[in-house]
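Fold and contact review
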Amino acid sequence: MSESSGVKPGPEPADRVVIGITFGNSNSSIAFTVDDKAEVIANEDGGLYSAPWEALSGCDLKFEGGANSYRQIPTVLSYVDGEEYYGAQAKAFLVRNPSNTVAYFRDFLGKEFKSIDPTHCHAAAHPQDNGGNVFFSVKDKDGESDASSVAVSEASIRFMRRLVTSASDYLGKTVTSAVITVPTNFNDKQREALIKASNDAGLEVLQLVADPVAAVLAYDARPEAVVEDKIVVVADLGGTRSDVAVVASRGGMYTILATAHDYEFAGVQLDQVLMDHFAKEFIKKHSTDPRSNAKSLAKLRQESEATKKALSLGTNAQFSVESLADGYDFSSTINRLRYEMVGRKVFEGFNRLVEGVIKKAGLDVLDINEVIMCGGTSHTPRIANNLRTIFPETTKILAPATSATAINPSEAQVRGAALQASLIQEYEANDIEQSTHPAVTTVKHISNAIGVVTTNAEGAEVFTPIMQAETAAPARRTVQIPAPKQGGDVLIKVVEGGTHIKVTKPEPKAKEPVENGDKESDDDSDIDSDDEEEEKREKIWKLGKQLAEAAIKGVKKGGKVEVTINVAADLAVTVTAREVGGKGGIRGTLAAP
């Protein structure tokens, strides 16, 4: 079996200790299951407090976000006097020890140097070219003046090893295996590199699951969840990148219809907005720019990030840094409204990103049943509230600002990974690939919805969808159609259907005559356009090819007719119709296309 499958000889199933891992470019998370419920493991150092004091000297840092912020582990490694620090401790060294601190390296894994974007590493150890491979030069050994070359694969091994050690210490037993989430744009080489790094860290990779599918799994696995056919947008808004996917959920199987990946609208851009805002205030007071000095810039960046997190929780935040630049202390405040104003262009970018991927999938916002927001930046209330305005009221926006039942966005993916790990941990290593379907299906699926057309009491035809488009085959769905109240014969037509967006434009308002013969310019005529009624958009069914026709005779008064659609693996369709509680029925089969 190929190594790319993630299957490598490991412990016996009965001896496995499994976890879920989200290995992010900015932050990572680890989770386990207990009583079929996923629990995210707290950051072992409880934030930045246990970092060596010299790393924090001169930095007035805040620790916002409550306990949840400690469940994220910054994907950072730092080396001081031969000691390796990771997570929040390592991130603190970006101020005092940036050249020996490796950060934002996940996306370099499995890539050649010429294809990477090192932008986010400017404040940390810079990636270097070594025979086309990505390396970092850091002093990771005690007593040696020369720096060592640490390949990105080695950095990944070291970081993954620390995650496994933290999970093992927390659980009180050695973790052996994991399901790991990956971005949808990770190619085969990157997946193989991640698996190899995990194996070299002593971890058996049971399965790689796409990030958006892991987030959907976290919601669908909740006890109160109802597994139903739906179209879900997963907006994964992280620190350095945003990934949006449209996922079709059909009978518990997931198919990714479209994806988008963006580095222009992410958490760092919101950090930058606050950095520029406070830098301008500092310049006004002290006539010096804190962004012109590397150490001052690092302090400014870390405090801006903390302020951003505070504004996700409250309406006001304090920005305070000791000796920000030229020995000057700096303190200021900002409220959420001001923050949302200065960051307006970035917030609008998130909207365009989501709308763009829906259009890429060939869908309309009216087709979307749920929007799942995950990633640390999804905590920002303005982003969720903006999305609320572009979707109909029937669409669920699952984020802390818009739903009381939303899962912590920073934890959704890792919870899904942990649940998947608990489901497959008892499979034999050599059978995992054959015994589990990939989370994203590549099997055949129907392109159009299939449903029945009946005639209502007013004589109008009504389309009732039975099987939604993008349903993976084989699949079976059943629906019950009420017969006329007086009973009698019922004619059922089985047809294909597709959604169509009907746009109804309001009637133009009559313009009032202008007094004194004055003419308004075209620009002035748009001033009151907001007062006009907006166009109405609604989703309607557009009927396509008729597949079959069936007549059920003598249905009793107040009875129902049950119609079952069965699509085989080769897309052959079998239609069965019968009276509920009656004898016999009609069955017909349409050959595969």
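Report follows, based on the coordinates.

Thresholds, definitions, all that
- Residues numbered from 1 in each chain as written.
- Predicted model: local features only at pLDDT ≥ 70, side-chain atom pairs only at ≥ 80, totals over all residues.
- Heavy atoms only, no water.
- Helix = DSSP H or I, 4+ residues; strand = E, 2+ residues; numbered from the N terminus.
- Buried < 20%, exposed > 50% of the residue type's maximum accessible area, 1.4 Å probe, protein only.
- Lys, Arg positive; Asp, Glu negative; His and termini not counted.
- Salt bridge = Lys/Arg side-chain N within 4 Å of Asp/Glu carboxyl O.
- Polar contact = N/O pair within 3.5 Å; in protein donor to acceptor, adjacent residues only side chain to side chain.
- Contact = heavy atoms within 4.5 Å.
- Pairing = 2+ DSSP bridges.
- Axes fitted to C-alpha atoms, helices over the stretch in contact; angles between N-to-C directions.

Observations regarding the side chain of D236
One can find D236 in strand β13 (residues 230–237). No salt bridge is formed by the buried D236. Its closest oppositely charged neighbour is R241, at 6.7 Å. Among the polar contacts made by the side chain of D236, one reaches the side chain of Q413 at a distance of 3.0 Å. Among residues more than four places away in sequence, those in contact with D236 are D211, R241, S242, D243, C374, G375 and Q413.

With respect to the sheet that holds strand β26 (residues 573–579)
The strand order β22-β25-β26-β27 describes an open sheet built from four strands, whose pairing is antiparallel. On the outer flanks of this sheet lie β22 (475–482) and β27 (586–590), each paired with one strand and no other. Taken pair by pair, the neighbouring strands of this sheet meet at an average axis angle of 15°, ignoring direction. The pairing of strand β25 (residues 560–567) with β26 spans seven bridges and is classified as antiparallel.

Focus: the pairing of strand β18 (residues 370–374)
Here is the key point about a regular strand: its side chains alternate between the two faces of the sheet. Burial analysis of β18 places five of its five residues in the buried class, the great majority of the element. Both faces of β18 are covered, namely the face carrying E370, I372 and C374 and the face carrying V371 and M373. Strand direction decides the pairing type here: β18 and strand β19 (residues 396–398), joined by three bridges, are parallel. Bridge pairing in β19 places I372 opposite L398.

Section: unusual backbone geometry
One non-glycine residue with positive phi stands out, namely Y104, at about 55°. Within the element layout of this structure, Y104 appears in the loop between β7 (101–103) and β8 (127–130). For L571, which is not glycine, the phi dihedral falls at a positive 75°. Here L571 shows up in the loop between β25 and β26.

Limitation: the analysis is restricted to geometry and does not speak to function.
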